[in-house]
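# Structure at a glance
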Amino acid sequence: MSTINSANVQVGQSNTPANNITLSTSAGGDLVVSKGSSGALTEITRITNAGLIDASKVSFTPAGGIAATNVQAAIAEVGTDLSSSSGSSLIGYLPSGTGAVATTVQQQLRNMQAWNLLAKDAPYYAMGLGTGDDTAAINAALTAAWLSTYKKTVLVPAGEYILTAPLVVPVGVSLIGEGRGFINTSYGYLSGTVFRKNHNGNAISVTGSGGNNDIAGMLQGFCVVSNAATYATGAGVFIDGVQQAIVRDVTVSRCGGDSFVFGSTATANFTTYVTATNCYANTAGTGKAFAVNSKWARLKQCISDGGAYGFYLGAAAQEGLYEDIHCELVTNTGIYLTGAGRNKFVKPYVNITSAGSYGIYCANVSGTYYNRFDEAHILASNTAGQVAFYNVGNQNIFNKLVSSTIETFDTGYQDTGSYNSALGNSFYNVKFPMVMNAAFSTLKENTTQNTVAAGGTWAINHVGGTTGNWTDNNLDGSNANGLINPGATGVIGNFSGIRARNNAGFVSRNGGQTASITTGSTVSHGLAGSPASGGVVFVSPFTSGITNTPNINGITSTVFAINWTGTVNCQFQWVANLACDF
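This section reports on the structure supplied with the text. (Residues numbered from 1 in each chain as written. Predicted model: local features only at pLDDT ≥ 70, side-chain atom pairs only at ≥ 80, totals over all residues. Heavy atoms only, no water.)

## Regarding the packing of aromatic side chains
According to the stated counting rule, one finds 23 aromatic pairs in the structure shown. Taking 5.1 Å as the distance between ring centres and 0° as the angle between the ring planes, the aromatic pair formed by Tyr 336 and Tyr 361 counts as stacked. With Tyr 336 in strand β29 (residues 333–337) and Tyr 361 in strand β32 (residues 358–362), this residue pair connects regions lying 25 residues apart in the sequence. Residue Tyr 336 shares its accessibility class with Tyr 361, and that shared class is buried. An aromatic cluster is defined as three or more aromatic residues linked by ring pairs; in this entry it consists of Tyr 309, Tyr 312, Tyr 336, Tyr 358, Tyr 361 and Tyr 390. (Phe/Tyr/Trp six-rings, centres within 6.5 Å; stacked < 30°, edge-to-face > 60°. Helix = DSSP H or I, 4+ residues; strand = E, 2+ residues; numbered from the N terminus. Buried < 20%, exposed > 50% of the residue type's maximum accessible area, 1.4 Å probe, protein only.)

## Some points on the environment of Asn 391
Position of Asn 391 among the secondary structure elements: in strand β35 (residues 387–391). The spacing of Asn 391 and Cys 362 is 29 residues in sequence and 5.0 Å in space, taken between C-alpha atoms. Excluding its chain neighbours within four sequence positions, the residues that come into contact with Asn 391 are Cys 362, Asn 396, Asn 399, Tyr 413, Gln 414, Asp 415, Thr 416, Gly 417 and Asn 420. Only 3.3 Å separates the side chain of Asn 391 from the side chain of Tyr 413, close enough to count as a polar contact. (Contact = heavy atoms within 4.5 Å. Polar contact = N/O pair within 3.5 Å; in protein donor to acceptor, adjacent residues only side chain to side chain.)

## Some points on the nonpolar core
One finds Leu 175, Phe 195, Ile 204 and Phe 290 to be the most contacted residues of the largest nonpolar core, which totals 81 residues. Examining the composition of this core, we find that five residues originate from one element, helix α3 (residues 135–147), more than from any other. Ignoring any residue separated from it by four or fewer positions in sequence, one finds Leu 175 in contact with Leu 142, Val 154, Val 156, Leu 167, Val 169, Phe 195, Ile 204, Met 218, Leu 219, Gln 220 and Phe 222. Formed by eleven residues, the second largest nonpolar core is a distinct cluster that contains Ile 517, Trp 564, Phe 572 and Trp 574. (Core = buried A, V, L, I, M, F, W, Y, C linked by side-chain atoms within 4.5 Å.)

## Quick word on the side chain of Ser 294
Inspection of the secondary structure assignment puts Ser 294 in the loop between β23 (288–292) and β24 (298–300). Judged by relative accessible area, Ser 294 falls into the buried class, the value being 1%. Looking at Ser 294, its side chain comes within polar contact range of the main-chain oxygen of Thr 271, at 3.4 Å. In contact with Ser 294, other than residues within four places in its own chain, are Phe 262, Thr 271, Thr 272, Tyr 273, Val 274, Ala 316, Ala 317 and Gln 318.

## Describing the pattern of salt bridges
For the coordinates displayed, the defined rule picks out three salt bridges. A salt bridge links Glu 160 to Arg 196, with the shortest nitrogen-to-oxygen separation between them at 2.6 Å. Taken together, the positions of Glu 160 in strand β10 (residues 159–163) and Arg 196 in strand β15 (residues 193–197) put the pair 36 residues apart, joining distant regions of the chain. Residue Glu 160 is classed as buried on the basis of its relative accessible area, which comes to 16%. Salt-bridge contacts for Arg 372 lead to Asp 374; the nearest nitrogen and oxygen are separated by 2.9 Å. The class for Arg 372 is partly exposed, based on a relative accessible area of 33%. According to the relative accessible area criterion, Asp 374 is buried, its value standing at 10%. Residues joined in a network through salt bridges with shared partners are Lys 344, Arg 372 and Asp 374. (Salt bridge = Lys/Arg side-chain N within 4 Å of Asp/Glu carboxyl O.)

## Concerning the pairing of β10
Most of β10 is tucked away: five of the five residues are buried. Burial along β10 is two-sided: Gly 159, Tyr 161 and Leu 163 facing one way and Glu 160 and Ile 162 facing the other are all buried. Two strands pair when backbone bridges link them, and strand β8 (residues 129–133) and β10 are joined in this way by two bridges, in the parallel orientation. Bridge pairing in β10 places Asp 133 opposite Ile 162. By the bridge criterion, five bridges tie β10 to β15 in an arrangement that is parallel. The residue of β15 that forms the bridge with Leu 163 is Lys 197. (Pairing = 2+ DSSP bridges.)

See the structure below:
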């Protein structure tokens, strides 16, 4: 191959020089074909340099639905086809994932359109500019989704949507935003989908009849904000009378009422299987962050910030699971159970600061039973009246606090119920780690530390109750008064395996043999409190001559008396137990 330039290139030779063929280029770029010897060339033909090639003069063989016969027409035909209403059907699309089936862009868009309505599209025209009222537009889209056979999801793009009345989400319809939004008034920016509640009703309402067919849709990816000072009532998200509602990545901030309501006590509608994940409540005033009256509720990684109550479980909140929930800055109670039963809490975190507030409170209401709290972390400021965990009243039964940490409280674990248990918990810097007035309670393998620094008086302050089991506890008795305050009398329980530190004078069981004494004589029992009557002090005559069973009376904090009839002088073997009812 030769590069043709201004120099001649001889491409054909003959024995006769006059028959030679030569190619050359002219100064204008033409290709010249000449004949003859090098000194006597005669131009035969010339291909003129006309610049760009004329595509209309380049032939094209019709194929694949293109009818044009030259390149220029074929290109024009493709452009016309792609810009037509069916043009997206000509572009291929392969979804991601193993085994995905190839389709077209048109089909993929139609698949998406078949399931979703866009609130900003015609005929709804929600604006999301933070100025005009978008309530009617979004509600119209929600109603259209409910009436549609397939389009059951309303998509609300990022923006600030003003609401002057509730958004009513019908049963089976999902409301999806573009990320749970945020408004920073200090810096003047907004992200995600934000609904501004400018009214006293609920911002988002999902309400059914409580029937088995009322299956709710999903609420996901948006924020509800309000001004509690101006709009003092109304929840952020209200769900009632439905099954299988799902709430994900939703924030409610500064609503005057409760932030999230899952099941209402105001109606007889039955709410079940509500699932809330990664939701955040910044609650104002006396509201509840998460008010739950749903059976089989599942809350995971939900955060309560402010308000009167963090997680408030009513009587219908049965058999729920609450994992990694977080609660702080409440004015009353972090986790409050009233009639709620058989719920399990895994790794809840509660931090309270107000005087007289509670970390976890199990109310004296029928049905508050069989609740379990595992690996809880409960913190406070050691303000007067603060209680970390409180079982209240005889209707409060079979609740358990297990493997949990309680720090810097006035009172750690307080129990006036029945059959409740505190197992393997740590109490650090708690003034009164355990205050007991319970029946059939169990305290096992609990540890107290630093009670003296908290101003405490007893590791366990026993103020009443009957027949319990307190075993294998590791108690810090470095406080001024001792390990246990045996302030109650009655039936003895199992009081063994106590491991005490700095509590040398504490004795819970003692015994011995008397000298020869007369009836009515007193015996020093040597216990750290009054031994209980009714068979807790046992005596056995060591000599003969007694004609009746000895009578034990005159029990004080230091001595007891023995009375009998028969022989004037007698010796006895005796055993005395500390007066703790557990």
